[in-house]
Structure formats: structure tokens, C-alpha cells
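Fold and contact review
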Amino acid sequence: MTGGQGVTIKELPAELRPRERLLAAGVQALSNAELLAILLRTGTRTESALDVARRLLSGPDGLQFLAGATLEELQQQKGIGLAKAAELKAALELGRRLAAFTLSRTVIRNPRDVAGLLLDEMRYLDRENFRTVSLNTKNQVLGIDNVSVGSLNSSLAHPREVFKDPIRRSAAAIILAHNHPSGDPTPSQEDIMVTRRLVEAGHILGIEVLDHLIIGDGRFTSLKERNLL
């Protein structure tokens, strides 16, 4: 290997090359790291592009870090220069715009509609993620925002953080959601207490909290359906 040149995906065995796997099995078969490696193309002197991708996704925030990172923060990561940082931000922004377009056509009529947006992703998270689904006056989805990562409690679910993005989106109402990594969506007393506190905060702000969904492994619990709001 010559000095200064990165390990390219072409140097990996054929069965491990993300591009070849995409052609053989389809884009849906690729992991997040493989998709990211295709965008990166090359790695560092000691890592393949796939290694760099896995490292970037190995933090507790995973894809959320990439989505929220600035160009400067991306360039602080080993193996990411200005060109790669710009390409990543462009790809992520295209994904965000497509997701926003799709979500803007989604109407929430019941808890199952919300679960349909969140269940497939959140059921596999290994840490509790707390999110808000912002709605307009017609119950159309304005956006889904990540509030915090970690066990749900009053400090992580502070009204200031919970309502920040819904206020920015001019939401008329929100639905709260978080996952239980154990797979059991049974609400805890802390879940119920935090929810009621946020319902009260919503009344003050003029943003109604319609429900709180707890996501488990392939199933969910609606606090509204259980009369626990």
C-alpha cells in the first residue's frame, strides 16, 4: 500500500464489496454501513471504506449523528475530508427532503398509523430513544424529531427539548413515542408521570399531546387507549 492512499472497496473480497452486493441482492439487502461505504468510496491508510463507515455508525447516535453533524464536525472524523463531508451532507439532505415529502402526505387517524411510521425502526434500537411526531390541524405529519437517547426520565424529556421542534414546525398537536429495548412495551410509572407532565406543558403552549406510544419488539402500547394520559 502506498503512503497516503486509502483502502478502496475494490481491495475487499468480492463477496464483501457493498456495490457488488447491491447489484446481486438489491439495495434493500445492504446494511447502513454498506450504504455509507458506497458513498465514502475510499477509506484511510489503515481502514477500508467499510471500516470507516462502521466506525462512524458505532456511536450511540448512529445515523442521527450523521444527520445532525455540521461539515466541520464531519471533517473531524478520521477519513472524512471536505469533499466527503459535503457529499454525505448532500445525500442526507436529499433523503431528508424525500422523507419530508412522504410524511407530508401521511394522515394520523389512530395509534396504529403512528406505529406504522416508527415500529420497524425503533423496535431494534438498543437504547431508549424519545421522539415527537408533529401534526398540523388536519392531523397530517409535519415531521418526526429525536428528542433524546437514554432511559426516559424527567430530565431527558424536559418540555423545553420536547416542544422545541414542534414549535419550530408550527405544530398544532404532537404524539410522543419512545422504545423499550427489552421488547416489552408495558408503560412504567415513570413513563406515565413524564407523559402527564408533558400533557400539562402542551396545554400551556397550545400544542395538544394526543398520545404517547411505547414501542416494543413488534408491538406497541398507546397510553391514550389505556386512558393513562
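So, how was this worked out
- Residues numbered from 1 in each chain as written.
- Predicted model: local features only at pLDDT ≥ 70, side-chain atom pairs only at ≥ 80, totals over all residues.
- Heavy atoms only, no water.
- Helix = DSSP H or I, 4+ residues; strand = E, 2+ residues; numbered from the N terminus.
- Buried < 20%, exposed > 50% of the residue type's maximum accessible area, 1.4 Å probe, protein only.
- Contact = heavy atoms within 4.5 Å.
- Areas by Shrake-Rupley, 256 points an atom, 1.4 Å probe, with all protein chains shown as cover.
- UniProt positions renumbered as here; feature names shortened; annotations may be inferred.
- Pairing = 2+ DSSP bridges.
- Polar contact = N/O pair within 3.5 Å; in protein donor to acceptor, adjacent residues only side chain to side chain.
- Axes fitted to C-alpha atoms, helices over the stretch in contact; angles between N-to-C directions.
- Core = buried A, V, L, I, M, F, W, Y, C linked by side-chain atoms within 4.5 Å.
- Patch = residues over 30% accessible without salt bridge, like charges linked within 9 Å, V, L, I, M, F, W, Y side chains within 5 Å.
- Salt bridge = Lys/Arg side-chain N within 4 Å of Asp/Glu carboxyl O.
- 1 Å grid on protein atoms, 1.4 Å probe; cavity = no way out; pocket = protein on both sides within 12 Å on 5 of 7 lines; lining within 4 Å.
- Points joined across faces, edges and corners; volume = space filled by probe spheres on them.
- Nonpolar A, V, L, I, M, F, W, Y, C, P; charged D, E, K, R; others polar.

Going by what UniProt lists, the protein chain is known as UPF0758 protein Moth_0536 and is assigned to Moorella thermoacetica.

Another aspect to go through is the overall build of the protein chain. When helices and strands are counted, the protein chain shows ten helices and five strands. By residue count, 41% of the 229 residues in the protein chain fall in the buried class. For the protein chain, contacts bridging at least 24 residues in sequence account for 60% of all contacts bridging at least 6. For the protein chain, the accessible area works out to roughly 12,600 Å², and carbon and sulfur atoms hold 52% of it.

Right, let's talk about the UniProt feature "short sequence motif: JAMM motif" in the protein chain for a bit. Summarizing the sequence annotation, UniProt attributes the feature "short sequence motif: JAMM motif" to residues 178-191 in the numbering used throughout. What you have in residues 178-191 is 21% helix and 14% strand, and the ends, taken at the C-alpha atoms, are 9 Å apart.

Residues in a regular strand project their side chains so that they alternate between the two faces of the sheet. Burial within strand E1 (residues 129-135) is extensive, with seven of its seven residues counted as buried. Pairing analysis gives seven bridges linking E1 to strand E2 (residues 141-149), with the strands arranged antiparallel. Paired with Val133 across the bridge in E2 is Ile144. Between E1 and E2, which pair antiparallel and follow one another directly, the connecting turn spans five residues, one of which, Asn139, has a positive phi of 65°. Alignment of E1 against strand E3 (residues 173-179), held across six bridges, turns out to be antiparallel. Counted as the bridge partner of Phe130 is His178 from E3.

Another aspect to go through is the side chain of Asn136. Structurally, the position occupied by Asn136 is in the loop between E1 and E2. One polar contact links the side chain of Asn136 to the main-chain amide nitrogen of Lys138, over a distance of 2.8 Å. Looking at Asn136, its side chain comes within polar contact range of the main-chain nitrogen of Gln140, at 2.9 Å. Those residues within four positions of Asn136 in sequence are excluded, and the remaining contacts are Leu142 and Ala172.

The next thing to look at is the sheet that holds E3. Adjacent strands of a sheet form backbone hydrogen bonds with each other and so pair up, either parallel or antiparallel. Sheet architecture is open: five strands sit in the order E2-E1-E3-E4-E5, paired in mixed fashion. Each edge of the open sheet carries a strand with a single partner, namely E2 and strand E5 (220-222). Pairwise comparison of adjacent strand axes, ignoring direction, gives a mean angle of 20° for this sheet. Docked against the sheet, helix H7 (residues 111-122) engages E1, E2, E3, strand E4 (208-215) and E5, running at close to 40° with respect to E4. Along the sheet, helix H10 (residues 189-205) contacts E1, E3 and E4; its crossing angle with E4, the most-contacted strand, is approximately 160°.

With that settled, consider the nonpolar core. Membership of the largest hydrophobic core comes to 16 residues, with the highest contact counts inside it found for Leu36, Leu40, Ala53, Leu56, Leu74, Ile80 and Leu88. Ranked by the residues each element gives to this core, the list is headed by helix H3 (residues 49-57), at six residues. Leu56 has contacts with Leu36, Leu40, Gly62, Phe65, Gln77 and Ile80, leaving out every residue within four places of it along the chain. Counting residues in each nonpolar core, the second largest holds 15 residues, with Ala115, Leu119, Ala173 and Leu213 among its members.

In this section: a nonpolar patch on the surface. A surface patch of nonpolar side chains, amounting to about 320 Å² of accessible area, comprises Ile167, Ile204 and Leu205. As for its placement among the helices and strands, Ile167 is situated in helix H9 (residues 164-168).

Looking now at the layout of surface pockets. Volume-wise, the second largest pocket comes out at about 370 Å³. If you go around the second largest pocket, you meet 18 residues; those closest to its centre are Pro60, Asp61, Gly62, Leu63 and Leu125. Elements represented by at least two residues in the lining of the second largest pocket include exactly helix H4 (63-68), H7, E1 and E2. Across the lining of the second largest pocket, the residue classes tally to six nonpolar, six polar and six charged.

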